[in-house]
Amino acid sequence: MNRSVKPGGYNEAAILSLGPGAPSPEYFPFDHTSLRVPSAREIAVIGPNHAGVTLTANKDDTRAGRSDYDLSSALQYGVGTGARQLLDFMTQHTKQVHNPPYQDWKCVITGGNTSALDLALRTFTDRGSYVLADEYTYATAFECARPLGVKILGIKLDEEGPIPSELDRVLTGWDEDHMESKKPHLIYMVPTGHNPTGATQSLERRHEIYRLAQKHDLYILEDDPYYYIQLPANVSEHVEDVTQSIPFSVIPKTALLPSLLSIDTDGRVFRMDSFSKILAPGLRTGWVTASSQVVERIVRAHETSLQNPSGFSQIVLYKLLSEAWGQEGLMCWLSHLQIEYTIRRDALLRACELYLPAKVASWKVPRAGFFMWIKINWLLHPLARQIGQRGVEMQIYDTAIKAGVLVVPGTWFQPDPSIALLDVFFRITYASLTPDVMPEAVERFGEALRSCFEVLD
Ligand code: PLP
Ligand code: PMP
């Protein structure tokens, strides 16, 4: 066959498409885009707020041999797996960090963990079925489940997340007639820096839960957007102590707790990772890792919903991760975030010790994520018996707002609000305020608690 290139630029041997209704890139009114980001070297050596590098994506980079991914293809219709170029990078990253212990695992680029969870629930549940989760959990998870007719059953929590004996008890004693539903086959959890309780499952806890999942044949939905925000146990007195205690470099793998995916010999974990907490939530992008059979279901679900994350997000991520940072640069960035969030966590903890009344409020030091879970000794409230837990909670919430600070009531995270409350909790975060403003915010919360509980010290 004559393979010569004809006038008009086509190869005679190639198929000429009169098929898909994909618009020609010449009608995309975007010639190029550029963005400024810190270089990997700057993150590791002098900090991310320096000059940076400019990354440019043009329409024709691939044809010109400048890049493996260009604007013409990023802005064209894509495939349900996400862009191959970005998928390859995240698959390599997942292999390095989690190294799933079975053969046929795969990744798929998603529209973030909320979208991934929605698709997983649509794929794996039937109307009327139960999904196990935590007694307090990420509110969007049960809001996703509710319109699908899926009921959430909360498992009791301790400082390390769901209590294995409780999980075993619920499943061993499951009575299909009484529950009007089959024994659950799905468990949803947030193993690292749990939202809202801040709890992180120890390695032993992860193994115990995995063994119970094997015993009861549960499939695990591992929603882990705070995985990389793992923080040291000791709380610093000063900011300088933090920068000295965490080496500013590639995170040593041993410093990260193994994920459930990394102990998943059976292919029963659906791991959801997100760029929201490590790069930017508005990218609306993340990645799922699961067995190839399950990933294929998610790709099919993408084809009739998201299709793939926005081409702009995908090309920005590819340029940043693959072309500017590489695998090591990404790890440096994550190390940088660990330092920053440690500084913030420690500032919030110091402010809590200074301003919250110790008799009324208590907490544990979070080892990961964005959140602290403040337990309120509600029985000390002068009207405790009359207004009960909910009354105390609402009064604190309203008083705090009047004092000029927003704290989130624990009941907002209860999947089943009909279950009677035993305790009163508030979620507070160190993610959004700068450390210099935190003392003021916590002082206001302290004032609100003192006023509600009529305590002076
Ligand atoms: N899952 C949990 C446990 C979260 O805390 C959050 C955000 O706070 C999300 C999912 C949302 O992730 P995404 O922005 O990737 O949808
Ligand atoms: N909106 C969206 C879409 C989110 O994913 C998040 C983070 N989960 C938030 C808002 C903040 O929600 P929250 O404070 O309940 O974690």
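Residues numbered from 1 in each chain as written. Chains lettered and ligands numbered in written order. Predicted model: local features only at pLDDT ≥ 70, side-chain atom pairs only at ≥ 80, totals over all residues.

The chain is annotated in an unreviewed UniProt entry as PLP-dependent transferase from Lindgomyces ingoldianus.

**A short note on the packing of helix α6 (residues 164-172) against helix α8 (residues 203-215)**
Convention followed: Angles here are taken between N-to-C directions and fall from 0 to 180 degrees, while the axes themselves are lines fitted to C-alpha atoms, restricted in helices to the stretch in contact. Secondary structure is summarised from DSSP: a helix means a run of H or I of at least four residues, a strand means a run of E of at least two, and numbering begins at the N terminus for each. Angle categories are assigned with fixed cut-offs, so that under 35 degrees is roughly parallel, over 145 is roughly antiparallel, 65 to 115 is roughly perpendicular, and the rest are oblique. The contact criterion used is a C-beta to C-beta distance within 7 Å, with each C-beta placed from the backbone. Under the grouping applied here, Gly and all other residues not named as nonpolar or charged are polar, the nonpolar ones being Ala, Val, Leu, Ile, Met, Phe, Trp, Tyr, Cys and Pro and the charged ones Asp, Glu, Lys and Arg.
Two numbers describe how α6 lies on α8: the axes approach to 10 Å, and their chain directions differ by 10°. Judged on the interaxial angle alone, α8 and α6 are roughly parallel. Contacts between α6 and α8 involve Pro164, Leu167 and Asp168 from the first element and Glu208, Ile209 and Leu212 from the second. Classifying every residue of the contact of α6 with α8 gives four nonpolar, no polar and two charged.

**Some remarks on unusual backbone geometry**
As a reminder, the rule being used: Partly exposed residues are those whose C-beta has more than 12 but fewer than 20 other C-beta atoms within 10 Å; with 20 or more the residue is buried, with 12 or fewer it is exposed, and the C-beta atoms are placed from the backbone.
In this chain, Asn195 is followed by Pro196 through a cis amide linkage whose omega measures 20°. In this structure, Arg284 takes a positive phi of about 50° despite not being glycine. Look at Arg284 and you get partly exposed, because 18 C-beta atoms sit within 10 Å. Phi is positive for Gln307, close to 65°, though the residue is something other than glycine. Here Gln307 shows up in the loop between α10 (292-303) and α11 (311-355).

**A word on the domain arrangement of the chain**
Counted only if it meets this: Boundaries of every domain are those given by an automatic assignment or by a domain database.
Per the domain assignment, the segments making up the chain are domain 1 (95-224 + 259-302) and domain 2 (356-453). Each of domain 1 and domain 2 has a C-alpha centre, and these two points are 28 Å apart. Each partner contributes residues to the interface: domain 1 has 16 residues there, and domain 2 has 17 residues. Breaking the side of domain 1 that touches domain 2 down by element, the ones donating at least two residues are α5 (139-145) and β5 (151-155). Looking at the side of domain 1 that touches domain 2 residue by residue, the class counts come to six nonpolar, nine polar and one charged.

**Remarks on helix α12 (residues 384-403)**
Which entries qualify depends on this criterion: Every helix has an expected span of 1.5 Å times one less than the residues it contains. Bend, at a single residue, is the angle you get between axes fitted to the 7 residues ending at that residue and the 7 residues starting at it.
Counted at 1.5 Å a residue, the expected span for α12 with its 20 residues is 28 Å, but the 21 Å between its end C-alpha atoms falls short. The principal kink in α12, of about 70°, is found at Arg390. Taken as a whole, α12 has its buried residues at Gln389, Val392, Glu393, Ile396 and Ala400. Contact partners of the buried residues in α12: β13 (371-376), β14 (408-409), β15 (424-429) and α13 (438-453). A positive phi of about 95° marks Gly404, the residue just after α12.

**Observations regarding the packing of helix α3 (residues 84-97) against α11**
As a reminder, the rule being used: A clockwise turn of the near helix away from the far one marks a right-handed crossing, whereas an anticlockwise turn of less than a right angle marks a left-handed crossing.
The geometry of α3 relative to α11 is characterised by a closest axis approach of 9 Å and an angle of 30° between their N-to-C directions. Taken together, the axes of α3 and α11 are roughly parallel relative to one another. Here α3 and α11 pass one another in a crossing that is left-handed. For the pair α3 and α11, the contacting residues are Gln85, Leu86, Phe89, Gln92, His93 and Gln96 in the first and Gln314, Leu317, Tyr318, Leu321, Ser322, Gln327 and Leu330 in the second. For the contact of α3 with α11, the per-class residue count stands at six nonpolar, seven polar and no charged.

**Digging into the site of ligand 1**
What counts, and what does not: Defining nearness, a residue is near a molecule or strand when the C-beta atom obtained from its backbone falls within 6 Å of it.
As a structural note, the neighbourhood of ligand 1 is formed by Gly112, Asn113, Thr114, Tyr138, Val190, Asn195, Asp223, Pro225, Ser274, Ser276, Pro281 and Gly286. Its residues placed into classes, the shell around ligand 1 shows four nonpolar, seven polar and one charged.

**Side note on the nonpolar core**
Selection rule: Joining buried Ala, Val, Leu, Ile, Met, Phe, Trp, Tyr and Cys residues through C-beta atoms within 7 Å gives a set, and that set is a nonpolar core.
Residues Val131, Ile187, Ile220, Phe270 and Val288 are the most contacted members of the largest nonpolar core, which totals 72 residues. It is α11 that contributes the most residues to this core, eleven residues altogether. With residues near it in sequence (within four places) discarded, Phe270 still touches Ala120, Tyr219, Ile220, Leu221, Glu222, Val288, Ala290 and Val294.

**Focus on the sheet that holds β14**
Counted only if it meets this: Two strands are said to pair when DSSP picks up at least two bridges between them.
Spatial ordering of the open sheet is given by β12-β13-β15-β14, a layout of four strands whose pairing is antiparallel. Of all the strands in the sheet, the pair left with one neighbour each is β12 (361-362) and β14. As paired strands, β13 and β15 are joined by six bridges and run antiparallel to one another. Residue pairing in the sheet places Trp373 in a bridge with Arg427 of β15. In this fold α12 packs onto β13, β14 and β15, with an angle of close to 30° to the strand it touches most, β15.

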